[in-house]
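Coordinates in review
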Protein chains: 2
Amino acid sequence: MNDAPVTAVIGAGLVGSGWALVFARAGHRVRVHDPDAGTMARLLPWLEKSARELEAAGLLADAATVVGRVQPCETLQEALTGAGYVQESVFETVEAKTAASLAIDEALEGDAIVGSSSSGIPASQFTEDCRHRDRFLVAHPVNPPHLIPVVELVPAPWTDPQTMERARALMADIGQVPINLTREIDGFVLNRLQGALLNEAWALYDEGYADLADIDATISHGLGLRWSFMGPFETIDLNAPGGITDYAARLGALYHGIAMDRTQPRPWPAETVARAGEARRAALPETELAERRAWRDAMLTRLAAFKHSNGLGP
Amino acid sequence: MNDAPVTAVIGAGLVGSGWALVFARAGHRVRVHDPDAGTMARLLPWLEKSARELEAAGLLADAATVVGRVQPCETLQEALTGAGYVQESVFETVEAKTAASLAIDEALEGDAIVGSSSSGIPASQFTEDCRHRDRFLVAHPVNPPHLIPVVELVPAPWTDPQTMERARALMADIGQVPINLTREIDGFVLNRLQGALLNEAWALYDEGYADLADIDATISHGLGLRWSFMGPFETIDLNAPGGITDYAARLGALYHGIAMDRTQPRPWPAETVARAGEARRAALPETELAERRAWRDAMLTRLAAFKHSNGLGP
């Protein structure tokens, strides 16, 4: 047990709590710090509940053992003691990220590296003044990270390639799926792909081609089925007799035409967003959003168990 | 049994065969015609194999009964006898679709309606000269239709609204998921959403931000998990405290910025496509494409059973 890696989690909100579970599930000793006492008080109850749900789905052998690996810490310094990896998940503003990074930088031990859960702000905007800035990167998870394994690794211009290699090996080792970006870009890969699809979905809805529920069903009963276990490139590779180059030869012109329809992007139109809000609230009252999120996570748990038992997981 | 609806399937390739299984599974008497004898010879063996796979996955009570509902017909006229719905799935060229539509139009009985499996050519390009053109529409499935339930219903300018209503009711009744478009547009909804995501994926790969396998994993271990049971609008509705309008307020600017990066769309770059082809063939030799497609369909079968047993199916 004393040989188990020590990992620090700084910031214990929804994302930080999820990370604590991910590292503990993989056998790490996890040291968690958040300056907010209320947030820290919610950590262990959340971990116990979530670990039991994973156990019930057959995704975890022993929930109590996993939760027992998580150690709440009163100070950041205490959390970083002995840690070889630090996952920072503080509030997503440049100010909060900068302050947390400088504090971590100050307390960093040995050759430890630091990943930020930043979903949008690149590391170059908050690690420039760190002494060990070559050991900082973005390690962007999807929420909740214990159910959705992908993690985007994004270097700042000064991130050491060895830092990237170590982060990738670590993420693969704990059962996540690391994605390497070679350099920073707004939205990284995941949100750029999501954004491209959303921009087209909003345009089709705005122009009245189809209603909200039907556009949703096009994904949830159509494209999303294959995409839950193979990516867009592998999908088209299997969708033409001669593979991906054959597919591009057959359909490239159609897809170029679709892009040419969208050369004057507008912001998502405010009135259309309001109309979509009314349609969604008619389908699901605001008071039921939280319950529906819990349902989504329960379904993601079952889907993870399904993928795992069919050899489709990480 | 004699009360069961009669449905004609014209064209018995991969798509037409899938449709025959979909209608027969729903209890229809299915009359299939294809002018090519070799294609017709493959129909019943394929149906028997596919129906047994559905039965094994618990998606079908009795494969033999289902296959017994399918009647191969020597002529188009014979196939249309007594049919209230005709699904046309001939080769996708304007010439072939026009010839098939005119022949169906000639033999059409009573108030039967006709859906074309066209994945790209709108009905206005091949039904204009039909006498009953108000009863023709596009009913575009995803391959294979017995595993992926979404069907896009697209009217020509002269399609009767009642034809659309009847087609939607029929598709819902047989367990598919109909999507109504209000008018024609290149790529309909599904391929426009796929195209928008693919265009961004190609651009990121072309610009060297990430490699092919990592971009794929962003979907298959990330976005695709939620999308396999909820659409993009419901996904973002649950991803901000106040729902979809709150999400748009928080992230609309990011996504507008992503769109602004792509205001000069190029065709998918030929050299990049070639490089992707090499990467895919290194991952999966061309000789193994067919086997991998069979694996994909086996996984889609299990996913359909999983979604069904969790109340996530149509």
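Residues numbered from 1 in each chain as written. Chains lettered and ligands numbered in written order. Predicted model: local features only at pLDDT ≥ 70, side-chain atom pairs only at ≥ 80, totals over all residues.

With that settled, the discussion passes to the overall build of chain A. Check the secondary structure of chain A and you find twelve helices and eight strands. Projected onto its principal axes, the C-alpha positions of chain A cover 55 × 45 × 40 Å. Out of the 314 residues in chain A, the part that is buried amounts to 51%. Considering only residue pairs separated by 6 or more positions, chain A has 65% of its internal contacts joining residues 24 or more positions apart. (Helix = DSSP H or I, 4+ residues; strand = E, 2+ residues; numbered from the N terminus. Buried ≥ 20, exposed ≤ 12 C-beta atoms within 10 Å, placed from the backbone. Contact = placed C-beta atoms within 7 Å.)

All names here are of chain A. The buried fraction of strand β7 (residues 150-155) amounts to six of the six residues, a majority that puts the element mostly inside the structure. Because side chains alternate across β7, one face comprises the buried residues V150, E152 and V154, and the other comprises V151, L153 and P155, equally buried. The pairing of strand β6 (residues 136-141) with β7 spans five bridges and is classified as antiparallel. Opposite V138, over in β7, you have V154 as the bridge partner. As paired strands, β7 and strand β8 (residues 177-180) are joined by four bridges and run parallel to one another. Paired with E152 across the two strands is I179, which belongs to β8. Read from β7 through helix α6 (residues 161-173) to β8, the crossover connection turns out right-handed. (Pairing = 2+ DSSP bridges. Right-handed = clockwise from strand over helix to strand, strands pointing away.)

Before going further, it helps to spend a moment on the sheet that holds strand β5 (residues 113-116) of chain B. Residue and element names in this part refer to chain B. Sheet architecture is open: eight strands sit in the order β3-β2-β1-β4-β5-β6-β7-β8, paired in mixed fashion. Each edge of the sheet is formed by a strand with only one pairing partner; in this case those strands are β3 (70-72) and β8 (177-180). Between one strand axis and the next, the sheet turns through 25° on average, direction left out of account. Note: β5 against strand β6 (residues 136-141), three bridges, orientation parallel. (Axes fitted to C-alpha atoms, helices over the stretch in contact; angles between N-to-C directions.)

A separate point is the nonpolar core. Residues A20 and V189 of chain A together with A20 and V189 of chain B are the most contacted members of the largest nonpolar core, which totals 189 residues. The residues touching V189 of chain A, leaving out its near neighbours within four places in the chain, are E152, I179 and L181 of chain A together with L204, Y209, A210, I215 and T218 of chain B. (Core = buried A, V, L, I, M, F, W, Y, C linked by C-beta atoms within 7 Å.)

Turning next to the sheet that holds strand β4 (residues 85-88) of chain A. Residue and element names in this part refer to chain A. With respect to topology, eight strands assemble into an open sheet ordered β3-β2-β1-β4-β5-β6-β7-β8, the strand pairing being mixed. Strand pairing shows two members of the sheet lacking a second neighbour, β3 (70-72) and β8, which therefore form its edges. Taken pair by pair, the neighbouring strands of this sheet meet at an average axis angle of 25°, ignoring direction.

Right, let's get into unusual backbone geometry. Residues and elements named next belong to chain A. The amide bond that connects N143 to the next residue, P144, takes the cis arrangement and shows omega of -5°. One can find P144 in the loop between β6 and β7. Even without glycine at this site, F188 takes up a positive phi of about 50°. With 24 C-beta atoms packed within 10 Å, F188 lands in the buried category.

All names here are of chain B. Running from amino to carboxyl end, helix α1 (residues 14-25) crosses helix α2 (residues 37-56) at an angle of 55°, the nearest separation of the two axes being 10 Å. Classified by the angle their axes make, α1 and α2 are oblique. At the point where α1 passes α2, the crossing takes the right-handed sense. Contacts from S17, A20 and L21 in α1 reach L43, W46, L47, S50 and A51 in α2. Tallied by class, residues from the contact of α1 with α2 come to six nonpolar, two polar and no charged. (Parallel < 35°, antiparallel > 145°, perpendicular 65-115°, else oblique. Left-handed = near helix turned anticlockwise from the far one by under 90°. Nonpolar A, V, L, I, M, F, W, Y, C, P; charged D, E, K, R; others polar.)

Turning to the domain arrangement of chain A, a few remarks are in order. Looking at the assigned domains, one finds that chain A contains domain 1 (6-180) and domain 2 (190-283). Distance between the C-alpha centres of domain 1 of chain A and domain 2 of chain A: 32 Å. (Domains from an automatic or database assignment.)

Here we take up helix α7 (residues 190-206) of chain B. Residue and element names in this part refer to chain B. Compared with the 24 Å implied by 1.5 Å per residue over 17 residues, the 24 Å span of α7 between its first and last C-alpha is a close match. For α7, the buried fraction is high: 16 of the 17 residues fall into the buried class. Phi for G208, located one or two positions after α7, is positive at around 75°. (Expected span 1.5 Å × (residues − 1).)

What follows concerns the interface of chain A and chain B. Between chain A and chain B, the residue contacts involve 89 residues of the former and 88 residues of the latter. Put simply, the parts of the chain that give the side of chain A that touches chain B at least two residues each are β8, α7 (190-206), α8 (212-227), α9 (232-237), α10 (244-260), α11 (270-283) and α12 (289-309) of chain A. With 15 residues, the top contributor of residues to the side of chain A that touches chain B is α8 of chain A. Considering only residue class, the side of chain A that touches chain B consists of 50 nonpolar, 23 polar and 16 charged.

Another point: the pairing of β6 of chain A. Counting buried residues in β6 of chain A gives six out of six residues, a clear majority hidden from the surface. Of the two faces of β6 of chain A, the one lined by F136, V138 and H140 of chain A and the one lined by L137, A139 and P141 of chain A are each fully buried.

Moving on: the confidence of the model for chain A. Looking at chain A as a whole, the pLDDT averages 95, with 99% of positions reaching at least 70. The ipTM, which scores confidence in the relative placement of chains, is 0.96 for this predicted complex, and the corresponding pTM is 0.95. (pLDDT = per-residue confidence, 0-100.)

Of the two same-sequence chains, chain A is brought onto chain B (RMSD 0.0 Å, axial shift 0.0 Å) by a rotation of 180°. Such a combination of turn and shift is consistent with a two-fold rotation axis. Scanning chain A for the C-alpha nearest the rotation axis identifies T263 of chain A, at a separation of 2.2 Å. Taken as a fraction of all interface residues of chain A, those also at the interface in chain B reach 99%, which identifies the copy contact as same-surface. (Least-squares fit on C-alpha atoms with pLDDT ≥ 70 in both.)

Bringing the packing of α7 of chain A against helix α10 (residues 244-260) of chain B into the picture now. Following both chains from N to C, one finds α7 of chain A and α10 of chain B inclined at 85°, their axes separated by 9 Å at the closest point. Regarding the angle of α7 of chain A to α10 of chain B, the classification is roughly perpendicular. Residues R192, G195, A196, L198 and N199 of chain A of α7 of chain A form the contact with α10 of chain B, whose own contacting residues are L254, Y255, I258 and A259 of chain B. Partitioning the contact of α7 of chain A with α10 of chain B into residue classes produces six nonpolar, two polar and one charged.

Here we take up α6 of chain A. All names here are of chain A. Over its 13 residues, α6 runs 18 Å from end to end, which matches the ideal 18 Å to within 8%, given 1.5 Å per residue. Every buried residue of α6 is accounted for by T163, A167, L170 and M171. Buried residues of α6, seen end-on, are gathered within an arc of 95° and therefore sit on one face of the element. The exposed residues of α6 that point more than 90 degrees off its buried face are P161, Q162, E165 and A169. Structurally, α6 contributes buried residues whose contacts are with β4, β5 (113-116), β6, β7 and β8. (Arc of directions from axis to C-beta.)

Residue and element names in this part refer to chain B. By secondary structure assignment, the location of A167 is in helix α6 (residues 161-173). Residue class for A167 comes out buried when judged on the 24 C-beta atoms lying within 10 Å of it. Separated by 58 residues in the primary sequence, A167 and L225 have C-alpha atoms spaced 30 Å apart.

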